[in-house]
Amino acid sequence: MKGQTKYLLDENQLPKAWYNIVSDITFPVPPLLHPVTKEPTILPPPLFCQALIEQDETKEQYVEIPEPLKEIYQLWRPTPLFRAHRLEQALGTPAHIYYKYEGASPPGSHKPNTAVAQAYYSKEAGVKRLSTETGAGQWGSALAFACQLFDMECKVYMVKISYQQKPYRRSMIHTWGGNVTPSPSEETQAGRGILAEDPECLGSLGMAISEAVEVAATNDDTKYSLGSVLNHVLLHQTVIGEEAIRQMEMADEYPDVVIGCVGGGSNFAGVAFPFLRERLTNGVKTRFVAVESAACPSMTKGVYAYDYGDTAHLAPIAKMDTLGHTFVPAGIHAGGLRYHGVAPLLSALHREGYIDPIAYPQIPVFEAAVMFARTEGIIPAPETSHAIRAAIDEALDAKEKGEKRVILFNFSGHGHFDMGAYDGYFAGKLVDFEYPAEKVQAALCNLPDVGTTA
Ligand SMILES: *Cc1c(COP(=O)(O)O)cnc(C)c1O
């Protein structure tokens, strides 16, 4: 026996509160700006319910998780923390590798941690329907699941290329009672405008956001829901790290490095922020590695600037690490890592030196995914596999240096609906996309003009 493999918390050990890192940082995080007036603003009330707007702004260190929501979390939380003994052995590393398994939720990723919270507060506020966008479908399926639990309607605009290529996530949305439309669509003014210019357009997240926002803005019974990037979304995800801290205590270890993949930044923030609290308040020297796709390198190659979140300029402008809102990344399989920007809170922490970003192309990422599946058994999502690549490289570096290093990564989701991507990898059909410097330069010319506030 190698010792413990799974560290499990009891349901009565579910965290009582989410952690708000804003209370512990000493530098200012630039405010959101109104897309038209360019003045500082909060999240727009027509799009979000009051409770979520308040959570986005709060300076309180902790926000209590309401009792009915904890009962829902109990469907899959607390999630297990695993020690990856067999991966360590295959690597021949003295490092200890731990992963927090968020694939345990019904939709198979971390996303329902915030989806159920957003549905709960919206339901409390009398909202009948939530509208949203989805890329590969993880967020759309998580929100459809959440709306079903609270007996609400769910309207999902799914990027058209994914709608065609990922039929099973679409089916999940249907199964959980959601309504899903390929974007750009004829249903909205934003969609009709895009299709008038390019009838063959296969869509992007920025376009789908514009459609979902428009539906919420023009219907009184509908609010908009975002699966990443915003402060309140990151807040809800901290339930991951709060559990992981207790589970690492059970293992009698503390991570030297905490790793997560970054699309908009929510699962990374979820695992990292509670450990970052220990660094901010107790000087604990943990490193935080944020892993992005080389095809969409917002943190490693982008600029820190005010930018629009969507192509139609309906959503507030945020100061963030960005590639420009008109940047359309290559069609990599990690659909969840294709957003042009990164959460403002994460971007600010990055610029203050708390986070080390790294970018990987997809072929070495799939190599890591297959190694993980063949040693640990679980087949990871392509997004998650970016974090696995980084964890493996940390373990190999520790081996080279003869160091015992404790590595924790967040396993953001399983890859059961991404097997087409694995088929492509085994058939040698994946391509490593080069960083398209000219494309980014062109996109950066379209940043909003916000004068001296930037
Ligand atoms: C959506 C998604 C991501 C990326 O989103 P973040 O907000 O950066 O966490 C990563 N992994 C999985 C499995 C996802 O579904």
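Each remark here, short or long, concerns the structure printed above.
Just so you know, the residues in each chain are numbered from 1, in the order the chain's sequence is written. At least 70 in pLDDT is required for a residue's local features to be given in this predicted model, at least 80 for side-chain atom pairs to be given and counted, and no such filter applies to totals for whole chains, interfaces and linings, which use all residues. Side-chain figures throughout are based on the complete set of non-hydrogen atoms in the structure, without hydrogens or water.

Draft legend 1. Representation of the pattern of salt bridges. Within this document, salt bridges are pairs made up of a side-chain nitrogen of Lys or Arg and a carboxyl oxygen of Asp or Glu, the two lying within 4 Å of each other. For the structure on display, the rule yields 18 salt bridges. Between glutamate 367 and arginine 389 there is a salt bridge, with the nearest N and O atoms lying 3.9 Å from each other. Taken as a pair, glutamate 367 in helix α15 (residues 362-376) and arginine 389 in helix α16 (residues 382-401) lie far apart in primary sequence, 22 residues in all. Accessibility expressed as a relative area gives 41% for glutamate 367, which makes it partly exposed. Relative accessible area serves as the criterion here: at 11%, arginine 389 is assigned to the buried category. We note a salt bridge from arginine 405 to aspartate 397, for which the minimum N-O separation is 2.8 Å. Buried residues are those whose accessible area, probed at 1.4 Å on protein chains only, stays under 20% of the maximum for their type, while exposed residues exceed 50% and partly exposed ones sit between those limits. Look at arginine 405 and you get buried, because its relative accessible area is 5%. A residue is classified by how much of its surface remains accessible, and aspartate 397, at 24% relative accessible area, is partly exposed. Within the structure, one salt-bridge network assembled from shared partners comprises Arg287, Glu394, Asp397, Lys401, Glu403 and Arg405. Think of it this way: any DSSP run of H or I at least four residues long counts as a helix, any run of E at least two long counts as a strand, and we number them from the N terminus.

Draft legend 2. Quick look at the site of the ligand. Distances are taken per atom, and a residue is near a molecule or strand as soon as one of its heavy atoms is within 4 Å of it. Around the ligand, a shell composed of 17 residues is seen, among which Lys111, Ser228, Gly263, Ser266 and Ser412 lie nearest. Serine 266 places a polar side-chain atom, nitrogen or oxygen, 2.7 Å from an oxygen atom of the ligand. For the ligand, the protein covers 97% of the area, taking 380 Å² as the surface of the free molecule. In protein, a polar contact requires one atom able to donate a hydrogen and another able to accept it; more generally it is a pair of N or O atoms within 3.5 Å, and residues adjacent in sequence count only if both atoms are side-chain atoms. All accessible areas in this document rest on Shrake-Rupley with a 1.4 Å probe, and a residue is counted as covered only by the protein chains that are shown.

Draft legend 3. View of helix α4 (residues 112-124). Expected span, for any helix, means 1.5 Å times one less than how many residues it has. For α4, with 13 residues, the first-to-last C-alpha span of 18 Å sits near the 18 Å given by 1.5 Å per residue. In terms of residue burial, α4 counts as a mostly covered element, since eleven of its 13 residues are buried. Here α4 has its buried residues at Pro112, Asn113, Thr114, Ala115, Val116, Ala117, Gln118, Ala119, Tyr120, Tyr121 and Ser122. Downstream of α4 by a residue or two, glycine 126 has a phi angle that is positive, lying close to 85 degrees.

Draft legend 4. Representation of unusual backbone geometry. A cis amide bond links arginine 77 to the next residue, proline 78, at an omega of -10 degrees. By the secondary structure assignment, proline 78 is in the loop between α2 (67-73) and β6 (81-83). Put simply, serine 183 and proline 184 share a cis peptide bond, and its omega is 5 degrees. Its location among the elements puts proline 184 in the loop between β10 (179-183) and α8 (189-197). You will see that lysine 38, though not glycine, has its phi angle at about 65 degrees, which is positive. By secondary structure assignment, the location of lysine 38 is in the loop between β3 (32-33) and β4 (40-41).

Draft legend 5. Structural view of the packing of helix α12 (residues 266-282) against helix α14 (residues 344-351). Here α12 crosses α14 at 50 degrees, and the two axes come no closer than 12 Å. When the axis of α12 is compared with that of α14, the two are oblique. Between α12 and α14 lies a crossing of left-handed hand. Between α12, through Phe268, Phe273 and Leu276, and α14, the contact on the second element is made entirely by Leu345, Leu346 and Leu349. Gly counts as polar in this scheme, as do all residues outside two lists: the nonpolar Ala, Val, Leu, Ile, Met, Phe, Trp, Tyr, Cys and Pro, and the charged Asp, Glu, Lys and Arg. Of the residues contributing to the contact of α12 with α14, the split by class is six nonpolar, no polar and no charged. Lines fitted to the C-alpha atoms define the axes, with helices restricted to the stretch that makes contact. Angles between their N-to-C directions range from 0 to 180 degrees. Between 65 and 115 degrees an angle is taken as roughly perpendicular, under 35 as roughly parallel, over 145 as roughly antiparallel, and anywhere else as oblique. The handedness criterion is simple: a crossing whose near helix is rotated anticlockwise from the far helix by less than a right angle is left-handed, and one whose near helix is rotated clockwise is right-handed. Working rule for contacts: check all heavy atoms of both residues, and any pair within 4.5 Å makes them a contact.

Draft legend 6. The arrangement of the sheet that holds strand β13 (residues 287-293) in detail. Overall, mixed pairing links the seven strands, which are arranged β1-β6-β7-β17-β12-β13-β16 in an open sheet. Strand pairing shows two members of the sheet lacking a second neighbour, β1 (6-7) and β16 (356-360), which therefore form its edges. One bridge is not enough; two strands pair if DSSP finds at least two bridges between them. Where strand β12 (residues 257-261) and strand β17 (residues 406-411) come together, three bridges link them in parallel fashion. Looking at β17, one finds that valine 258 is bridged to leucine 408.

Draft legend 7. Representation of the sheet that holds β10 in the model. Read from one edge to the other, the open sheet built from four strands follows the order β10-β9-β8-β11, with strand pairing classed as parallel. Looking at strand neighbours, the two that pair on one side only are β10 and β11 (222-224), the edges of this open sheet. Within the sheet, the average angular offset between the axes of one strand and its neighbour, ignoring direction, is 25 degrees. The pairing of strand β8 (residues 129-134) with strand β9 (residues 153-159) spans six bridges and is classified as parallel. The residue of β9 that forms the bridge with arginine 129 is glutamate 153. Here helix α5 (residues 138-149) sits on the sheet and contacts β8 and β9; the angle it forms with β8, its principal contact strand, is near 165 degrees. Seen against the sheet, helix α7 (residues 167-175) touches β9 and β10 and runs at an angle of roughly 145 degrees to β10.

Draft legend 8. Region of the structure containing the side chain of histidine 85. Its location among the elements puts histidine 85 in helix α3 (residues 85-91). By relative accessible area, histidine 85 is classed as buried at 7%. A polar side-chain atom of histidine 85 sits 2.9 Å from the main-chain carbonyl oxygen of glutamine 4.

Draft legend 9. Seen up close, the packing of aromatic side chains. Pairs were defined over the aromatic rings of Phe, Tyr and Trp, the Trp ring being its six-membered one, requiring ring centres within 6.5 Å. Orientation was assigned from the angle between planes: stacked under 30 degrees, edge-to-face over 60, tilted for the rest. Counted according to the given criterion, the structure contains 21 aromatic pairs. Taken together, a centroid distance of 5.1 Å and an interplanar angle of 75 degrees make the contact between tyrosine 120 and tyrosine 121 edge-to-face. Tyrosine 121 carries the same exposure label as tyrosine 120, and that label is buried. Here the aromatic residues Phe82, Tyr99, Tyr101, Phe372, Phe409 and Phe411 are joined through ring pairs into a cluster of three or more. Here arginine 170 stacks its cationic end above the ring of tyrosine 163, 4.1 Å away from the centre of that ring. A ring is scored as having a charge over it whenever the NZ atom of a lysine or the CZ atom of an arginine sits within 6 Å of its centre and within 35 degrees of its normal.

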